[in-house]
Amino acid sequence: DTGVSQNPRHKITKRGQNVTFRCDPISEHNRLYWYRQTLGQGPEFLTYFQNEAQLEKSRLLSDRFSAERPKGSFSTLEIQRTEQGDSAMYLCASSWVAKHEQYFGPGTRLTVT
Amino acid sequence: DAKTTQPTSMDCAEGRAANLPCNHSTISGNEYVYWYRQIHSQGPQYIIHGLKNNETNEMASLIITEDRKSSTLILPHATLRDTAVYYCIVIGVGTQGGSEKLVFGKGTKLTVNP
């Protein structure tokens, strides 16, 4: 257990539905990252926050995806109008800006049927 | 960030040292070498990182060649629980405005056999 928690751990949804995932980072960490991982591939960067500011977004993050970190603590990742191609593991990681190791949560596995 | 090359898979006997190589021939002066691993169905786990000196912690040792174009992660006494995918990542740290996001390749699937 790294101290980063993600909920839910598993989500099955029908195509076209909206889903939201939550990440609670290690409390003193001011950086929070979202990654996505499909079967057989390494994780791919989606977006990152420093405190409450979203400072970088990948081109992978289509306009159906939105992420927030309203008080600089927990973060949410919402996917609107889900598609089958969104099926993946969504990973959250946090770090302290002065130390660059990222600590990952267990992930949320999304299945879109 | 520099690209890395790792073998697709490796095997190791339990109790023996596992030596995982990584090539990063285009690494630049401000880029660090990081190693993470991912055990099946879990999130990646940080192992160790280094710039140019060899490093050791409670999990592993990292040997970086003098020209910094390659490195080796050493698990001194591999156990069955070390079976995982190991990722070598080169990243510029401390560059102004940098996100320091991790760019994962496919890594090396290490299987530790009894």
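What you see is a predicted model; the values in this text were computed from it and never measured.

Calculation criteria
- Residues numbered from 1 in each chain as written.
- Chains lettered and ligands numbered in written order.
- Predicted model: local features only at pLDDT ≥ 70, side-chain atom pairs only at ≥ 80, totals over all residues.
- Heavy atoms only, no water.
- Pairing = 2+ DSSP bridges.
- Helix = DSSP H or I, 4+ residues; strand = E, 2+ residues; numbered from the N terminus.
- Axes fitted to C-alpha atoms, helices over the stretch in contact; angles between N-to-C directions.

## Brief notes about the sheet that holds strand β5 (residues 55–56) of chain B
All names here are of chain B.
Then, in step 1: With antiparallel pairing, the 4 strands of this open sheet are ordered in space as β2-β7-β6-β5. Two strands in the sheet have a free side with no partner beyond their single neighbour: β2 (18–23) and β5.
Then, in step 2: Sheet analysis places β5 next to strand β6 (residues 61–64), joined by 2 bridges and oriented antiparallel. If you follow Glu55 over to β6, its bridge partner there is Leu62.

## Some words on the sheet that holds strand β1 (residues 9–13) of chain B
All names here are of chain B.
Then, in step 1: Pairing in this open sheet of 5 strands is mixed, and the strands run β1-β9-β8-β3-β4 from one edge to the other. Whereas interior strands pair on both sides, the edge strands pair on one side only; in this sheet they are β1 and β4 (45–50). On average, each strand axis in the sheet is inclined to that of its neighbour by 25 degrees, with strand direction left out of account.
Then, in step 2: Across 8 bridges, the pairing between strand β3 (residues 31–38) and strand β8 (residues 84–92) is antiparallel. Of the residues in β8, the one forming a bridge with Tyr34 is Ile89.

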